[in-house]
Amino acid sequence: EAGVTQFPSHSVIEKGQTVTLRCDPISGHDNLYWYRRVMGKEIKFLLHFVKESKQDESGMPNNRFLAERTGGTYSTLKVQPAELEDSGVYFCASSQEVFADTQYFGPGTRLTVL
Amino acid sequence: AQSVSQHNHHVILSEAASLELGCNYSYGGTVNLFWYVQYPGQHLQLLLKYFSGDPLVKGIKGFEAEFIKSKFSFNLRKPSVQWSDTAEYFCAVTLITDSWGKLQFGAGTQVVVTP
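Below or above, wherever it landed, is the structure these notes cover. (Residues numbered from 1 in each chain as written. Chains lettered and ligands numbered in written order. Predicted model: local features only at pLDDT ≥ 70, side-chain atom pairs only at ≥ 80, totals over all residues. Heavy atoms only, no water.)

## Description of the side chain of Arg 64 of chain A
Residues and elements named next belong to chain A.
Here comes step 1: Counting through the fold element by element, Arg 64 comes out in the loop between strand 6 (53-56) and strand 7 (65-69).
Here comes step 2: Assessed through its relative accessible area of 13%, Arg 64 is described here as buried.
Here comes step 3: Among residues more than four places away in sequence, those in contact with Arg 64 are Lys 78, Val 79, Gln 80, Pro 81, Ala 82, Glu 83, Glu 85 and Asp 86. (Helix = DSSP H or I, 4+ residues; strand = E, 2+ residues; numbered from the N terminus. Buried < 20%, exposed > 50% of the residue type's maximum accessible area, 1.4 Å probe, protein only. Contact = heavy atoms within 4.5 Å.)

As structure tokens, then:
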């Protein structure tokens, strides 16, 4: 069974540009989460999808971040326009159930904004 | 503010030494508790988890953790570490009455095991 995959693994962009990160969850997992780790800080929750619906987006930093989940399968996280403070590692995770279940993480996308 | 605290940011120890990593949380409700590990160049993976029942949980690779509700703690232990245990370890919590299972992480502990 394939795990959670993320693309790209690294992205280097200039301030003001747009970047789109992609996450493919484990097949059959309705729950998809995005997290971010800024250097030196803890991993922080960004948002949660149940199928194609945004269930909780309380962790999204601001309206420069837009997440979508097409047809309840893969998800994209777009940052537009990117700022320096957006640099960090963006993790995606998926799970079958919401409660009392394990979230399986992807390898992360390291975003560097210059 | 609700938080997860990991007591050490960096730990260096020799092979065969015992390891204990502290984790405390400040949530007042019922929680699910996790330890995740990230080996160099790899993705985060689950070491062990506690949902209910026996507060002493055993995970992969010889790790165990004990949930002490009165102390709001979930410390990770391994009696004898190996060089391959070099990794970053993360304690995480979900509050079951909170929204939809989001994980709240501690800052992580970087563990280096020397030969």
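## Some words on the interface of chain B and chain A
Here comes step 1: With 21 residues of chain B at the interface, the matching set in chain A holds 21 residues.
Here comes step 2: Across the interface of chain B and chain A, roughly 1800 Å² is buried in total on both sides, 60% from carbon and sulfur atoms.
Here comes step 3: One can count two salt bridges joining chain B with chain A.
Here comes step 4: Of the charged contacts, one joins Arg 37 of chain A and Glu 88 of chain B as a salt bridge, the two residues approaching to 2.8 Å between their closest N and O atoms.
Here comes step 5: Connecting chain B to chain A are seven residue pairs in polar contact (both at pLDDT 80 or more).
Here comes step 6: Of all the secondary structure elements, the ones that give two or more residues to the side of chain B that touches chain A are strand 5 (31-38), strand 6 (45-50) and strand 10 (87-95) of chain B. (Buried area = accessible area lost by both parts, 1.4 Å probe. Salt bridge = Lys/Arg side-chain N within 4 Å of Asp/Glu carboxyl O. Polar contact = N/O pair within 3.5 Å; in protein donor to acceptor, adjacent residues only side chain to side chain.)

## Notes on the packing of aromatic side chains
Here comes step 1: Applying the stated criterion across every chain, the model contains 15 aromatic pairs over all chains.
Here comes step 2: Between Tyr 36 of chain B and Phe 105 of chain B, the ring centres sit 6.2 Å apart and the planes meet at 50°, which makes this aromatic pair tilted. Here Tyr 36 of chain B is found in strand 5, whereas its partner Phe 105 of chain B is found in strand 11 (residues 104-105), with 69 residues between them in sequence.
Here comes step 3: Taking relative accessible area as the criterion, Tyr 36 of chain B reaches 1% and is therefore assigned buried.
Here comes step 4: On the accessibility criterion, Phe 105 of chain B (5% relative accessible area) is buried.
Here comes step 5: Members of the aromatic cluster, each reached through a chain of ring pairs, are Tyr 33, Tyr 35, Phe 45, Phe 91 and Phe 105 of chain A together with Phe 34, Tyr 36, Phe 51, Phe 90 and Phe 105 of chain B.
Here comes step 6: A cation over a ring is seen here: Arg 22 of chain A above Tyr 74 of chain A, with NZ or CZ 3.7 Å from the ring centre. (Phe/Tyr/Trp six-rings, centres within 6.5 Å; stacked < 30°, edge-to-face > 60°. Lys NZ or Arg CZ within 6 Å of the ring centre and 35° of its normal.)

Any link to function would need more than the numbers given here.
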